[in-house]
Amino acid sequence: MQLKKISEANLPTPWGNFLIMGFKEKNSDKNHVALIFGDVSKNIPILSRIHSECLTGDAFFSLRCDCGFQLKKALELISLENRGILIYHRQEGRNIGLLNKIKAYSLQDNGLDTVEANQKLGFSADERDFSICIDIFNLLNIKKIKLLTNNPMKIKIFNDSGIDVIERVSIIVGKNSNNLNYLTTKEKKMGHYSK
């Protein structure tokens, strides 16, 4: 277990009242949160979203990606389901960090796609480590999920870890002229679903 739970509190949102739980990695200062809606203690599949941090999309409403749109839609769908969990995975820019992400944006402004930009900076297309999310599910004793994702890699990672993904729930939102190349690259080079 790489992390420990630090605290929890009520979090009222436009989509209803969530419980926010804060977790700290044991060997670093990094922290992550889980937003929980309703009772997740029952051993029935729970609607779940792993949302990797995206300051530009989530906070500044960037149209370069679909992240902010996905965050809002996930919270809405979880509240409509009346139970669910959103793990806010603090690994900005597929875990290359905010400043490197801005460098990658600059490379994209000059013609590279999102994968090529990461590689030019010396990173792989996706540097994220989802073991933290697995630990959160295990700490909360969640073993079966309906995963809100377009990323087949996440489904494999969770199934391989003992978290049973019994259904993939599509979350296609926010497509626009500014992020069309970004979304196309994710589909063609990273195998993301388009439906």
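Described in the following lines is the structure provided in the data block. (Residues numbered from 1 in each chain as written. Predicted model: local features only at pLDDT ≥ 70, side-chain atom pairs only at ≥ 80, totals over all residues. Heavy atoms only, no water.)

**A short note on the nonpolar core**
Link 1 in the chain: The biggest cluster of nonpolar side chains holds 24 residues, and the ones touching the most others in it are I85, F137 and F158.
Link 2 in the chain: Among the elements of the structure, β2 (16-25), β3 (31-37), β4 (46-52), β5 (84-89), α6 (131-139), β6 (144-148) and α7 (152-161) are those that each provide at least two residues to this core.
Link 3 in the chain: No other element matches the 5 residues that α6 contributes to this core.
Link 4 in the chain: Beyond its immediate chain neighbours, meaning those up to four positions away, I85 contacts A34, L35, I36, I46, L47, S48, R49, I78, F137, L140 and I142. (Core = buried A, V, L, I, M, F, W, Y, C linked by side-chain atoms within 4.5 Å. Buried < 20%, exposed > 50% of the residue type's maximum accessible area, 1.4 Å probe, protein only. Helix = DSSP H or I, 4+ residues; strand = E, 2+ residues; numbered from the N terminus. Contact = heavy atoms within 4.5 Å.)

**A closer look at the pattern of salt bridges**
Link 1 in the chain: Across all of its chains, the model carries 11 salt bridges by this definition.
Link 2 in the chain: Among the salt bridges present, the one from E53 reaches R90, with a minimum N-O distance of 3.1 Å. Placement of E53 in the loop between β4 and α1 (55-58) and of R90 in the loop between β5 and α3 (92-95) is noted, with a sequence separation of 37 residues between them.
Link 3 in the chain: One network of salt bridges, in which partners are shared, links D113, E116 and K189. (Salt bridge = Lys/Arg side-chain N within 4 Å of Asp/Glu carboxyl O.)

**Here's the deal with the sheet that holds β3**
Link 1 in the chain: With respect to topology, 7 strands assemble into an open sheet ordered β1-β2-β3-β5-β4-β6-β7, the strand pairing being mixed. Edge strands, defined here as strands with exactly one partner in the open sheet, are β1 (3-13) and β7 (164-169). Neighbour to neighbour, the strand axes of the sheet diverge by 25° on average, direction disregarded.
Link 2 in the chain: When β6 meets β7, the two strands line up parallel, connected through 5 bridges. Bridge pairing in β7 places L147 opposite R168.
Link 3 in the chain: Lying on the sheet, helix α2 (residues 67-81) is in contact with β2, β3, β4, β5 and β6; it crosses β4 at an angle near 160°.
Link 4 in the chain: Lying over the sheet, α6 contacts β1, β2, β3, β4, β5 and β6, oriented at roughly 145° with respect to β5. (Pairing = 2+ DSSP bridges. Axes fitted to C-alpha atoms, helices over the stretch in contact; angles between N-to-C directions.)

**Brief notes about the environment of I87**
Link 1 in the chain: Tracing the backbone through its elements, the reader meets I87 in strand β5.
Link 2 in the chain: Placed 54 residues apart in sequence, I87 and V33 show a C-alpha to C-alpha distance of 5.9 Å.

Don't take any of this as a statement about function, it's just geometry.
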